[in-house]
Amino acid sequence: MRRASEELARDARPQRLADLLGGLDVVICCGSGGVGKTTVSAALAAAIASTADRRVMVLTIDPARRLASALGMTGIGADPVTVSAARLRQAGLPLRGELVAAMLDQKSVWDRMVERYAPNRHVAERILDNRFYQGISDAFVGSHEYAAMEALYELHEEGEYDCLVVDTPPSRSALDFLEAPERISDFVGARLLSWLAHPSRSGFHAMNFAAAPLLHIADRLLGGEVLGELGDFVGDLQTLYEGVQRRARAVSRLLRSPRIGFVIVTTLEPAAFAEAEHFATKLRELSMPLRAVVVNRVLPGFLADEAAVRAADVLADDHRGAQALSRAIGAPVDAAAAVALGRSYRLFFELAQREARQLARLERIADVVAVQVPLITAPVSALEGLVQVASAL
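Here is what the cut-offs are and how they apply
- Residues numbered from 1 in each chain as written.
- Predicted model: local features only at pLDDT ≥ 70, side-chain atom pairs only at ≥ 80, totals over all residues.
- Heavy atoms only, no water.
- Axes fitted to C-alpha atoms, helices over the stretch in contact; angles between N-to-C directions.
- Helix = DSSP H or I, 4+ residues; strand = E, 2+ residues; numbered from the N terminus.
- Parallel < 35°, antiparallel > 145°, perpendicular 65-115°, else oblique.
- Contact = heavy atoms within 4.5 Å.
- Nonpolar A, V, L, I, M, F, W, Y, C, P; charged D, E, K, R; others polar.
- Buried < 20%, exposed > 50% of the residue type's maximum accessible area, 1.4 Å probe, protein only.
- Polar contact = N/O pair within 3.5 Å; in protein donor to acceptor, adjacent residues only side chain to side chain.
- pLDDT = per-residue confidence, 0-100.
- Pairing = 2+ DSSP bridges.
- Phe/Tyr/Trp six-rings, centres within 6.5 Å; stacked < 30°, edge-to-face > 60°.
- Lys NZ or Arg CZ within 6 Å of the ring centre and 35° of its normal.

A. Geometry of the packing of helix α3 (residues 37–51) against helix α19 (residues 383–391). In the contact formed by α3 and α19, the axes pass within 8 Å of each other and the chain directions differ by 70 degrees. Classified by the angle between their axes, α3 and α19 sit roughly perpendicular to one another. Listed contacts from α19 to T39, A42, A43 and A47 of α3 are L386, V389 and A390. Here the contact of α3 with α19 is composed, by residue class, of six nonpolar, one polar and no charged.

Laid out in structure tokens, this is it:
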């Protein structure tokens, strides 16, 4: 009987986000820039490791040292580093599992992609040694997102970690992450690249008459030798196309797997909120599993208290408010200070009311769990701040 009662009590407790997501293979945190994705990703990974005996990795895109400090490390690099369980326990977050952190190394991901998809070692080395290659990974929209997608897929396939929490890159749009595989495929197979590769095989003078003016200008600016080298490079790059296409399809299947979960991280600021709504709709259209929305930096609930705002109205609008407040605290209160206090609370009340309406709207649109992370005034650069965020998850 006692055991049955304990199980019923356990079932009655509200389930945390870490409990809901901890059984997944991959959790992808998406959202527009500046909403706290990196902090929420690290905190969520820590929360999962605290609730389940699992090996959890957080793959961060943000090289900021403050996050490394928050996790108790001198720095985060491409090589996975285990986060100190002792430090987390001292900060109030004991771990049941293991927490590992790593930072995306975009150059290494691209190098591995070239080595994997090139038809032979000779072509791979020719691409890697080419001077154009050093900057090519930044030459199109979504390059950082594609590197994150590649790293995610590699880590998932290796199976070394029970759960991967991925902090997606800060982008103009959260959709850049979803569109990255198609964009790299389009980039490698683009007609422009085919046109550039053609002169290296047929000679510049074999181009048709219409292309002659452009070739003449390019030849004057860059020189025929440079153009030839560029053509050779582009020709080699296009040999990767088939492999990139296969990987894009594999990544697309992974992103629709029931073992994957997307988490939208947002604030209630208009631009970020609109982006979150759009992203939630897009995930549904693409049949990708949205599991939750994390709303960061939410004002505390007591600011929406109706009785408190009535008191604030008295302070702001009635000269007797200062006298009443003086009597209540046993110290003189300046009338102007009482008015400023009342107006300030009234402003926060209006903001809290607006946030409540936005939260209700977001829950209807996303149709998933919406978790609120309260506004934390202490800097999250300290481990204790990160633990505060983790406790909300």
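Now that the structure is up, let's keep going.
B. A look at the environment of V339. Summarising the element assignment, V339 is placed in helix α18 (residues 335–366). We classify V339 as partly exposed; its relative accessible area is 25%. As for V339 and H319, which are separated by 20 residues in sequence, their C-alpha atoms are 8.3 Å apart. When sequence neighbours within four positions are dropped, the list of residues in contact with V339 reads L315 and A316.

C. Highlighting the side chain of T267. With respect to the helices and strands, T267 occurs in the loop between β6 (260–266) and α15 (270–285). Overall, the relative accessible area of 4% leaves T267 in the buried class. Within the structure, T267 has its side chain in polar contact with the backbone nitrogen of E269 (distance 3.4 Å). When near neighbours in sequence (up to four residues on either side) are disregarded, T267 contacts V35, A272, F273, N296 and R297.

D. Fine view of the confidence of the model for the chain. Counting all residues, the mean pLDDT for the chain is 77, and 75% of those residues have values of 70 or more. No element of the chain has a lower mean pLDDT than helix α1 (residues 2–12), which averages 39, and none a higher one than β6, which averages 93. Low pLDDT, under 50, characterises residues 1–14; the predicted model gives this stretch zero contacts beyond four residues in sequence or across chains. Taken as a whole, residues 199–224 scores under 50 in pLDDT and shows 22 contacts with residues more than four places along the chain or in a different chain.

E. Geometry of unusual backbone geometry. Phi is positive for S287, close to 60 degrees, though the residue is something other than glycine. Residue position: S287 is located in the loop between α15 and β7 (290–298). In this structure S287 comes out as exposed when scored by relative accessible area, which is 52%. Even without a glycine there, the phi angle at R297 is positive, about 60 degrees.

F. Spotlight on the sheet that holds β7. What the eight strands build is an open sheet, ordered β3-β4-β2-β5-β1-β6-β7-β8; its pairing is mixed. Each of the sheet's edge strands pairs with one partner strand only, and the pair in question is β3 (81–82) and β8 (369–374). Where strand β2 (residues 55–60) lies against strand β5 (residues 163–167), four bridges are found, and the strand directions are parallel. Paired with V56 across the strands is C163, a residue of β5.

G. Fine view of the environment of S50. Counting through the fold element by element, S50 comes out in helix α3. The sequence separation of S50 and A85 amounts to 35 residues, and the corresponding C-alpha distance is 9.7 Å. Sequence-distant contacts of S50, defined by excluding residues within four places in its chain, comprise R16, L93, P94, L95 and R96.

H. Representation of the packing of aromatic side chains within the structure. Scanning the model with the defined rule gives zero aromatic pairs in all. Positioned above the aromatic ring of Y117 is the side chain of R116, whose terminal nitrogen or guanidinium carbon lies 5.4 Å from the ring centre.

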